[in-house]
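Reading the structure
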Amino acid sequence: MLPIPEAKPLMWKPPKIVEANDRQNCGFGFLKPHFSVHRRCTLLLITVVVLQIFLLHIGITAQNVRRSSPLTTETSSVNTLSIGGECPYGKVFVYEIPEFFNAEIVRNCDSLNPWYSRCDALTNYGLGKSAAAEMSDILPEKIAASWYWTDQFSLEVIHHRRILNYRCRTLTPESASAFYIPIYTGLAIEKYLFTANSTAADRDRHCDMMLDWVKNQPFFKKSNGLDHFTTMGRISWDFRRSRDQDWGSSCIYKPAMRNITRLLIERNPWDYFDIGVPYPTGFHPSSAADVVNWQNFVRNQNRSTLFCFAGATRASVKSDFRSILLRQCADEPGSCRAVDCSSNKCERQSSAAMEAFLGSDFCLQPRGDSFTRRSVFDCMIAGAIPVFFWQRTAYMQYSLFLPGEPESYSVYIDRGAVRSGTTVKSVLEKINKVKVKNMREKIIQNIPKLIYMNSDEGSEGIRDAFDVAIEGVLRRSIDRQGYKWK
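All values reported here derive from a predicted model rather than from experimental measurement.

1. Considering the state of the cysteines
- The full count for this structure, using the stated rule, is five disulfides.
- Across the disulfide, Cys-109 is cross-linked to Cys-119 (sulfur-sulfur distance 1.9 Å). Sign of the S-S torsion, about 85° for the bond between Cys-109 and Cys-119, identifies this disulfide as right-handed. Here Cys-119 lies in helix 3 (residues 119–122) and Cys-109 lies in the loop between helix 2 (103–107) and helix 3, a separation of ten residues in the sequence.

2. Here's the deal with the confidence of the model for the chain
- Taken residue by residue, the chain gives an average pLDDT of 84. The fraction at 70 or more is 80%.
- Below pLDDT 50 for its whole length, residues 1–84 participates in 107 contacts with residues either more than four positions away or in separate chains.

3. Structural notes on unusual backbone geometry
- A positive phi angle, near 55°, is found at Tyr-125, a position not held by glycine.
- On the secondary structure map, Tyr-125 appears in the loop between helix 3 and helix 4 (132–135).
- The phi dihedral of Asn-224 falls on the positive side, at around 55°, and the residue is not glycine.
- Structurally, Asn-224 can be placed in the loop between helix 9 (218–223) and strand 4 (228–231).
- You can call Asn-224 partly exposed: its relative accessible area is 41%.

4. Topic: the side chain of His-228
- Looking at the element boundaries, His-228 is found in strand 4.
- Those residues in contact with His-228, other than ones at most four positions away along the chain, are Tyr-95, Phe-179, Ile-181, Val-214, Phe-219, Phe-220, Ser-223, Asn-259, Ile-260 and Thr-261.

5. Digging into the packing of aromatic side chains
- Under the counting rule described, the total for this entry stands at 21 aromatic pairs.
- Where Tyr-279 meets Phe-377, the ring centres are 6.2 Å apart and the plane angle is 35°; that geometry is what we call tilted. Here Tyr-279 is found in the loop between strand 6 (274–276) and helix 10 (288–299), whereas its partner Phe-377 is found in helix 13 (residues 375–381), with 98 residues between them in sequence.
- Considering the side-chain rings of Phe-321 and Trp-390, the 5.4 Å spacing of their centres and the 90° angle between planes classify their relative orientation as edge-to-face. In this pair, Phe-321 is assigned in helix 11 (residues 321–331) and Trp-390 in the loop between strand 10 (385–388) and strand 11 (411–412), connecting sequence segments 69 residues apart. By the burial criterion, Phe-321 is buried, and Trp-390 matches it.
- Members of the aromatic cluster, each reached through a chain of ring pairs, are Phe-93, Tyr-95, Phe-179, Trp-213 and Phe-219.
- Sitting over the ring of Phe-153, Arg-234 keeps its end group 4.2 Å from the ring centre.
- Over the ring of Phe-371 we find Arg-392; its NZ or CZ atom is 3.9 Å from the centre of that ring.

6. Regarding the pairing of strand 3 (residues 178–181)
- Residues of strand 3 alternate between two faces, with Ala-178 and Tyr-180 on one and Phe-179 and Ile-181 on the opposite face, all of them buried.
- Inspection of the sheet shows strand 1 (residues 92–94) paired to strand 3 by three bridges, in the parallel sense. From the neighbouring strand, Val-94 faces strand 3, where its bridge partner is Tyr-180.
- Two elements, strand 3 and strand 4, share three bridges in a ladder whose sense is parallel. Bridging across to strand 4, Tyr-180 finds its partner in Phe-229.

7. With respect to the packing of helix 6 (residues 155–164) against helix 17 (residues 465–479)
- Direction vectors running N to C along helix 6 and helix 17 enclose 75°, while the axes themselves pass 11 Å from each other. Compared by their axis directions, helix 6 and helix 17 come out roughly perpendicular. Across from His-159, Arg-162 and Ile-163 in helix 6, the residues of helix 17 making contact are Phe-466, Asp-467 and Ile-470.
- A per-class count over the contact of helix 6 with helix 17 returns three nonpolar, one polar and two charged.

8. Side note on the sheet that holds strand 2 (residues 169–170)
- An order of 2-1-3-4-5-6 is seen for the six strands of this open sheet, with the pairing classed as parallel. Each edge of the open sheet carries a strand with a single partner, namely strand 2 and strand 6.
- Each of strand 1, strand 2, strand 3, strand 4 and strand 5 (261–264) touches helix 6; the most contacted strand, strand 4, lies at about 130° to it.

9. Considering the sheet that holds strand 7 (residues 305–311)
- Pairing in this open sheet of five strands is parallel, and the strands run 8-7-9-10-11 from one edge to the other. Unpaired on one side and paired on the other, strand 8 (336–340) and strand 11 mark the two borders of the sheet.
- Pairing between strand 7 and strand 9 (residues 360–365): three bridges, direction parallel. Of the residues in strand 9, the one forming a bridge with Thr-305 is Ser-360.
- Its contacts with the sheet put helix 11 on strand 7, strand 8 and strand 9, and the angle it makes with strand 8 is roughly 130°.
- Those strands touched by helix 16 (residues 433–446) are strand 9, strand 10 and strand 11, and its axis lies near 100° from that of strand 10.

About the criteria used
- Residues numbered from 1 in each chain as written.
- Predicted model: local features only at pLDDT ≥ 70, side-chain atom pairs only at ≥ 80, totals over all residues.
- Heavy atoms only, no water.
- Disulfide = S-S within 2.5 Å.
- Helix = DSSP H or I, 4+ residues; strand = E, 2+ residues; numbered from the N terminus.
- pLDDT = per-residue confidence, 0-100.
- Contact = heavy atoms within 4.5 Å.
- Buried < 20%, exposed > 50% of the residue type's maximum accessible area, 1.4 Å probe, protein only.
- Phe/Tyr/Trp six-rings, centres within 6.5 Å; stacked < 30°, edge-to-face > 60°.
- Lys NZ or Arg CZ within 6 Å of the ring centre and 35° of its normal.
- Pairing = 2+ DSSP bridges.
- Axes fitted to C-alpha atoms, helices over the stretch in contact; angles between N-to-C directions.
- Parallel < 35°, antiparallel > 145°, perpendicular 65-115°, else oblique.
- Nonpolar A, V, L, I, M, F, W, Y, C, P; charged D, E, K, R; others polar.

Below, the structure is given as structure tokens:
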């Protein structure tokens, strides 16, 4: 039994596409090489008819190619689906694995973390408890209803709910293009990451047992895992332990894990099988109308501050770059707004960071404990323009979800120059208002790709972060056909 009630998936039927080998039925078979004079007119007539049939065939094929294109045309501020109910990239089969790997972990939410219960964070299918009451202080009541106190490490539960109801899910593995393994690896290792006496075996246990199970599945054996994928709701480095005494699990380095695609909130840019997906934010609309209302709201905000920074210093880090940014912010009180996020203040039921993002043109995004931070996505869904200082914070992470031209939606400032005395304000104030407006609009148009809808099946007309991620996996399966990996 899975941790989320399994609904019968919608079975979508793609339209029939005329294949090249169907041409034998299009009239070519009865043509014979008769060239006598009295049959020339007949031959000419037949040739014209065949030509018309051929052109009709080309038109049908072109129409189907347009429908199947991964690039959709945006006709409104919502990122629309042009493929309707089709599954142009194939279908997904979801393994029904033992509860030990998912449901049991959620049931033991009180013991997942050595300091506090994780039960609130995992409620509402991983969205967390409603934040409507607190967010209504800064947002209209109708919009605030879409906000939750979502934990940044809850993605495994969020994805599991959605994939069980995915429009391109199949119950027959023979018809699947990809196979999903719904294990909560990130949640399983959490308590062992922060427990002093945990062993390497503790941190590897769930992964080892899952791989022992999946290796015996016939479709895994058939492809050696190449068409399999899973969600690992932490950063890649939490699963890349090289030595027993080091941090994290060694799950990704297990031989059976080698060909399995991993959806992670931070990827290793040099590992093909890592796909970076957006951190979960607190915004989870239930409908396309909710998305449009939010886009219009952030578009019309009065932004009185040039830039802001929500974060905290890292006292243990030598020459901490965040400290430099906070000092610059303090020196420019009329241009910068700082939000103190020490002691997890920005994660624990506070609307202060979102209020700063909504009131600023730009938001500073230095690296966090790793190269990425959830704040990048909080900032962008608020319509603020991110300012990066490391390429790996976004540009090398989320290619499926962000525009292809970094300068169209973000600013990059060399951190070495900042350390040498360049002020962030001096760079940002040189960007003209028209450019700022265009960058913001680019971000607003892209918001659907950065959020996870609060709906079992997503929302008609919306390609949210989940849809984009799964389509990306399925496209890879198509691209890899014919290849063999060792």
